[in-house]
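# Structural features, examined
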Amino acid sequence: MSPDTVAAPGAKPGTRTQARARAARNRRLLVHGSRVLLLAVVVALWEILARAEIIDPFNFSMPSAIWDQIREWAVHGTAQGSLWEQIWYTLYEALLGWILGVTAGVVLGITLGRIRFLADVLGPYIKVLNAIPRIVLAPVFLIWFGLGPASKVASAVVLVFFPVFFNAFQGAREVDRNLVNNARILGASNRRVTLQVVIPSATSWIFTSLHVSFGFALIGAIVGEYIGATKGLGLLVAASQGTFNAAGVYAAMAILAVVALLTEGLLTFAERRLFRWRPAEAGTER
């Protein structure tokens, strides 16, 4: 006798499954609707308070002015060039820094996680480097590499590297020892164990850091552009601040938020595609 028949005598098979899917769908709609409603309330309240001058519109601007600024940039461009060029410039720096930082973090994290001697030797130096406030390195990179994209890429790399490294390192250390021992019994070499056991087991740890690390890459690119650049959204923020254009500052921040959200969505989609084999956690819906 099936669980569905026990739960609902006379019901068609699959009724409970359909009910759960319907309840999950309704909950997703409720969550998304609540998010949109919350955003609408905050934006409307901001607009009302600014128009009533309860908050200073010169300092805090207002959503309608921010929208007008974005539309002005999109249609007529900025003083540094078209808006899309500024977005692409920042995205290019962040993406390149993210790729380099992720690659270095994964390779070094897996290597030190597998080779304890290297971990013991390099561990103190990595901890010291991690303790340095990495944002303050942006002026140093500007001196080293100039106003071009290289200094922004370097800032993004150092922000991305450490969270990815520590997650990859921990993932390599947390691999089930029985899996490793079984692979060795079957004759697998160290290289095969690393490629076919350790790295797949650490992938979920690495993906956890990827969600956060691209935001760090954007921060590194923006901070570098804010300090000194010829193009980019960070330069738009600096130029708007220099002319006391609060709407411009918030407009650049809004564009950055959209870029970050789109990237997060792509990463989540890729993670779900890669981990379709993994069962859903208790209390969650796939």
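A few points on the structure.

What counts and how
Residues numbered from 1 in each chain as written. Predicted model: local features only at pLDDT ≥ 70, side-chain atom pairs only at ≥ 80, totals over all residues. Heavy atoms only, no water. Helix = DSSP H or I, 4+ residues; strand = E, 2+ residues; numbered from the N terminus. Contact = heavy atoms within 4.5 Å. Polar contact = N/O pair within 3.5 Å; in protein donor to acceptor, adjacent residues only side chain to side chain. Expected span 1.5 Å × (residues − 1). Buried < 20%, exposed > 50% of the residue type's maximum accessible area, 1.4 Å probe, protein only. Axes fitted to C-alpha atoms, helices over the stretch in contact; angles between N-to-C directions. Parallel < 35°, antiparallel > 145°, perpendicular 65-115°, else oblique. Nonpolar A, V, L, I, M, F, W, Y, C, P; charged D, E, K, R; others polar. Core = buried A, V, L, I, M, F, W, Y, C linked by side-chain atoms within 4.5 Å. 1 Å grid on protein atoms, 1.4 Å probe; cavity = no way out; pocket = protein on both sides within 12 Å on 5 of 7 lines; lining within 4 Å. Points joined across faces, edges and corners; volume = space filled by probe spheres on them.

With that settled, the discussion passes to the environment of Glu 85. Within the element layout of this structure, Glu 85 appears in helix 5 (residues 83-114). For Glu 85 and Gly 232, which are 147 residues apart along the polypeptide, the C-alpha to C-alpha distance reads 7.6 Å. Those residues in contact with Glu 85 that sit more than four places away from it in its chain are Gln 80 and Lys 231. A polar atom in the side chain of Glu 85 sits 2.4 Å from the side chain of Lys 231.

A few words on helix 2 (residues 15-51). Look at helix 2: 53 Å from first C-alpha to last across 37 residues, which is about the 54 Å you get at 1.5 Å a residue. Taken together, the buried positions of helix 2 are occupied by Ala 24, Glu 47 and Ala 50. Tucked inside the fold, the buried residues of helix 2 contact helix 3 (57-60) and helix 4 (63-76). Immediately beyond the C-terminal end of helix 2, within one or two residues, lies Glu 53, with a positive phi of roughly 60 degrees.

Another aspect to go through is the packing of helix 2 against helix 4. Viewed as axis vectors pointing N to C, helix 2 and helix 4 meet at an angle of 105 degrees, and their least axial separation amounts to 8 Å. The orientation of helix 2 relative to helix 4 falls into the category roughly perpendicular. On helix 4, the residues that touch Val 43, Trp 46, Glu 47 and Arg 51 of helix 2 are Pro 63, Ser 64 and Ile 66. Of the residues that constitute the contact of helix 2 with helix 4, the class distribution is 4 nonpolar, 1 polar and 2 charged.

We now examine the nonpolar core. Counting residues in hydrophobic clusters, the biggest one holds 34 residues, and the most contacted among them are Trp 73, Leu 83, Trp 98, Leu 210 and Leu 233. Elements that contribute at least two residues to this core include exactly helix 4, helix 5, helix 8 (149-173), helix 10 (190-227), helix 11 (233-242) and helix 12 (246-274). Looking at which element gives the most residues to this core, the answer is helix 10, with 9 residues. Filtering out sequence-adjacent residues up to four positions away, Trp 73 remains in contact with Thr 78, Leu 83, Leu 236, Ser 240, Gly 248, Ala 251, Ala 252 and Ile 255. If you look at the next biggest cluster of nonpolar residues, it comprises 7 residues, including Ala 119, Ile 126, Phe 162 and Phe 169.

On to the layout of surface pockets, then. Approximately 250 Å³ is the volume attributed to the second largest pocket. If you trace the second largest pocket, you find it lined by Leu 39, Val 42, Val 43, Trp 46, Pro 63, Ile 66, Trp 67, Ile 70, Tyr 250, Met 253 and Ala 254. Elements represented by at least two residues in the lining of the second largest pocket include exactly helix 2, helix 4 and helix 12. Class assignment for the residues of the lining of the second largest pocket results in 11 nonpolar, no polar and no charged.

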